[in-house]
Amino acid sequence: MLALEKVTVIHDQLPVLNTCDLQLAAGEIVGLMGESGSGKTTLLRTIAGFQRLHQGEVMVAGRCLSCTQYCTAPEQRGISMVFQDYALFPHLTVQENIAFGLKRLSKAERAIRVDELAQMMDIQSLLARYPHELSGGQQQRVAIARAMAPKPDLLLLDEPFSNLDRPLAMRLAQTLREWIKHENISALVVTHSADEAQVLCDRMAHLRGGVLHFDHQSVA
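To start, this report covers the structure provided alongside it. Model, not experiment: these values are computed from the prediction.

A few points about the layout of surface pockets
Space left empty within the atom packing is revealed by a probe, the size of a water molecule, rolled over the atoms. The computed volume of the largest pocket comes to approximately 860 Å³. As for the largest pocket, its lining consists of 27 residues, of which Glu75, Ile79, Ser80, Gly101 and Pro150 are closest to the centre. By residue class, the composition of the lining of the largest pocket is 15 nonpolar, 4 polar and 8 charged. Counting residues domain by domain, the lining of the largest pocket receives three or more from each of domain 1 (1–78 + 152–219) and domain 2 (91–150).

A word on helix H1 (residues 40–48)
Every buried residue belonging to H1 is among Lys40, Leu43, Leu44, Thr46, Ile47 and Ala48, and all of these are buried. Looking one or two residues beyond H1, the residue adopting positive phi is Gly49, at roughly 100°.

A look at the packing of helix H4 (residues 136–148) against helix H5 (residues 166–183)
One way to put it is that H4 packs onto H5 with a least axis distance of 13 Å and a crossing angle of 0°. Taken together, H4 and H5 sit at an angle that is classed as roughly parallel. Facing H4, whose interface residues are Arg141, Ile144 and Met148, H5 presents Leu168, Leu172, Leu176 and Trp179. Per-class residue counts for the contact of H4 with H5 are 6 nonpolar, no polar and 1 charged.

What to know about the pairing of strand S3 (residues 29–33)
Of all 5 residues in S3, 5 are buried, a share of seventy percent or more. Residue alternation in S3 divides its side chains into two sets, Ile29, Gly31 and Met33 and Val30 and Leu32, and both sets are buried. Pairing analysis gives 4 bridges linking S3 to strand S8 (residues 186–190), with the strands arranged parallel. Within the sheet, the bridge partner assigned to Gly31 lies in S8 and is Val189. Pairing between S3 and strand S9 (residues 203–208): 4 bridges, direction parallel. Within S9, the position partnered with Met33 by the bridge is His206.

Rules of the game
- Each chain has its residues counted from 1, running along the sequence as written.
- Residue-level local features of this predicted model are given only where pLDDT is at least 70; pairs of side-chain atoms are given and counted only at 80 or more, and the full residue set underlies all totals for whole chains, interfaces and linings.
- Values reported for side chains reflect all heavy atoms of the structure, with hydrogen atoms and water molecules removed beforehand.
- The definitions used throughout rest on a 1 Å grid laid over the protein atoms alone, on which a cavity is an enclosed set of points accommodating a 1.4 Å probe that cannot get out and a pocket is an open set flanked by protein within 12 Å on both sides along at least five of seven lines; lining residues are those having an atom within 4 Å of a point.
- Grid points are joined across faces, edges and corners, and a volume is the space filled by probe spheres set on the points.
- The residue classification treats Ala, Val, Leu, Ile, Met, Phe, Trp, Tyr, Cys and Pro as nonpolar and Asp, Glu, Lys and Arg as charged. All others, Gly included, are polar.
- Domain borders in the structure are assigned automatically or taken from a domain database.
- Relative accessible area decides the class of each residue, using a 1.4 Å probe on protein chains only: under 20% of the type maximum gives buried, over 50% gives exposed, and in between gives partly exposed.
- By definition, any uninterrupted DSSP run of H or I lasting at least four residues is a helix, any uninterrupted run of E lasting at least two residues is a strand, and each is numbered from the N terminus.
- Where helices are involved, their axes are fitted lines through C-alpha atoms of the stretch in contact, as for all axes, and angles between N-to-C directions lie from 0 to 180°.
- Geometric relationships in this document are graded by angle, where less than 35 degrees denotes roughly parallel, more than 145 denotes roughly antiparallel, 65 to 115 denotes roughly perpendicular, and other angles denote oblique.
- In what follows, residue pairs with any heavy atoms lying within 4.5 Å of each other are defined as contacts.
- The pairing criterion for strands is at least two bridges between them, as found by DSSP.

Now the structure itself:
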């Protein structure tokens, strides 16, 4: 589903990502760990199309999305990303945020999808609120629901449970894993929590010195 071939990103003449290779199968969940500043978010942004690469290719479902010659726009990639700062639309309610990527569905279908995801993320009571009326953890759950709503080919999650208490984070990690597997979606998840990775991910990668290293044993 996702293939990275020698992906290199340079900042201030230094490689943030250095010839990174990754193969991610349909329905597979890979966790990504690394020290702060190691380039984890840069890798997600490059896959999503928010960061231009200097070398290599990003391919999803056999389609080349990024190379040195061109970069497909993020909204044309079939990829959803949950950012560390959530990036919710401040002028839209929770319900409208979740439904934002569902314009091709009928009004009734959108309502069903939003209700399903609100129940999954335990935010049913928040649908009429605006982002500024929510806690950080609540905004995080809305951002996850919005990313899940269009059932993308690939889901990118940057510390998706960092502002949640441990019991809720672990429960939602299991729920998210079940949903990803059911929909046969691929996911790349940045996390600092070994416990979350154990519940959510199939295998782990570590980013060190701009290079991806993979664990040989599966996680989940």
